[in-house]
Amino acid sequence: MLQTVIFDMDGVIVDSEPVHHFAYQQHFKQLNITVSDEMYASFTGNSTKNIYQKLKAHFDLKEEVEDLVLVKRNLFNDAFDAKEDLELIDGVLPLIQELHANGVQLLLASSSAKVTIERVFNRFRLHTYFSGIFSGEDFPQSKPHPALFLKAWEHSKHPKNNCLVIEDSTNGILAAKAAGIPCIGFDSFHSKNQDYSQADWVIQDFAEINYQNLHQWLHRISVG
């Protein structure tokens, strides 16, 4: 029985990764560091704080993590406000609306900072659909640690086999699996160099899923 859907945000609801990438690259230039594509890809699903903790250790940066996060956040906010063509991922809003109309509880569990989540939710008027929002900045460890998804699941008050997570990153999928919650991997062209082998179901378009087939799928896997 489908009762709760837990959404990731970046790459699932909105493709803000290009904005994040721009902000990070601007900051890397300011810091005079070179971050490889491989290293950058490994950060997907991590909170900004955790990313800068890793960068500080790797590059022996003298700046405090909190100051690094603030600079990047300001760069992101400026770019976000200037990017007029930022849109929701194709098909995700109709899915959100259909699930909500059928009484499914919708929760957000994103590694993004609260201020970033608010910018996205306010810009696209998403608050009306979601009954809980959880940010990775409230947890000391990022995905693939399951803490963020476990917190969302506890909030749901529903059995884990009546919940599902929609994720686009390797770290997010591993976090959902570690939390014991069924996970759909969203393998879109926005997501680069991610591993979907641990997802319970992999989709490439939100047109592939709806309230009815998600409900049926959860029932099938819950009864074995």
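Shown above is the structure to which this text applies.
Quick caveat: nothing in here was measured; it's all calculated off a predicted structure.

With that settled, consider the environment of R123. By the secondary structure assignment, R123 is in helix 6 (residues 114–124). Between the C-alpha atom of R123 and that of C183, which follows or precedes it by 60 residues, the distance is 27 Å. There is a polar contact of 3.2 Å between the side chain of R123 and the backbone oxygen of F80.

This part covers the side chain of S47. Mapped onto the elements, S47 comes out in the loop between helix 2 (37–42) and helix 3 (48–59). Here the side chain of S47 touches N50 through a polar contact of 3.2 Å, landing on its backbone nitrogen. Setting aside chain neighbours within four positions, we find S47 in contact with S111, G136 and S142.

A few words on the sheet that holds strand 3 (residues 132–135). What the 6 strands build is an open sheet, ordered 3-2-1-4-5-6; its pairing is parallel. Of all strands in the sheet, those bounded by a partner on one side alone are strand 3 and strand 6 (201–203). Each strand axis lies, on average, 20° off the axis of its neighbour in the sheet, ignoring direction. In the sheet, strand 5 (residues 183–186) pairs with strand 6 via 3 bridges, with the strands oriented parallel. When the bridges of strand 6 are listed, F186 appears paired with I203. Packed on one face of the sheet, helix 6 meets strand 2 (105–110) and strand 3 and runs near 140° to strand 3.

Quick look at the side chain of N171 now. One can find N171 in helix 8 (residues 170–179). Looking at N171, the relative accessible area reads 14%, which means it is buried. Among the polar contacts listed, one links the side chain of N171 to the backbone oxygen of S42, at a separation of 3.4 Å. When near neighbours in sequence (up to four residues on either side) are disregarded, N171 contacts S42, T44, G45, N46, K143 and P144.

Put simply, helix 4 (residues 65–82) and helix 6 touch, their axes get as near as 11 Å, and they point 10° apart. In terms of orientation, helix 4 and helix 6 fall into the roughly parallel class. Two secondary-structure elements touch here, helix 4 through R73, F76, N77, F80 and D81 and helix 6 through V115, T116, R119, V120 and R123. The class makeup of the residues in the contact of helix 4 with helix 6 is 4 nonpolar, 2 polar and 4 charged.

Under the criterion given, the structure shown has 8 aromatic pairs. Ring centres 5.9 Å apart and planes at 80° place the aromatic pair Y24 and Y40 in the edge-to-face group. With Y24 in helix 1 (residues 17–31) and Y40 in helix 2, this residue pair connects regions lying 16 residues apart in the sequence. For the pair Y24 and Y40, one class covers both residues: buried. An aromatic cluster of three or more residues is present, and its members are Y24, F28, Y40 and Y52. Above the plane of the ring of Y24 lies K72, whose end atom (NZ or CZ) is 4.5 Å from the centre.

What counts and how
Residues numbered from 1 in each chain as written. Predicted model: local features only at pLDDT ≥ 70, side-chain atom pairs only at ≥ 80, totals over all residues. Heavy atoms only, no water. Helix = DSSP H or I, 4+ residues; strand = E, 2+ residues; numbered from the N terminus. Polar contact = N/O pair within 3.5 Å; in protein donor to acceptor, adjacent residues only side chain to side chain. Contact = heavy atoms within 4.5 Å. Pairing = 2+ DSSP bridges. Axes fitted to C-alpha atoms, helices over the stretch in contact; angles between N-to-C directions. Buried < 20%, exposed > 50% of the residue type's maximum accessible area, 1.4 Å probe, protein only. Parallel < 35°, antiparallel > 145°, perpendicular 65-115°, else oblique. Nonpolar A, V, L, I, M, F, W, Y, C, P; charged D, E, K, R; others polar. Phe/Tyr/Trp six-rings, centres within 6.5 Å; stacked < 30°, edge-to-face > 60°. Lys NZ or Arg CZ within 6 Å of the ring centre and 35° of its normal.

That is the geometry; function is a separate question.
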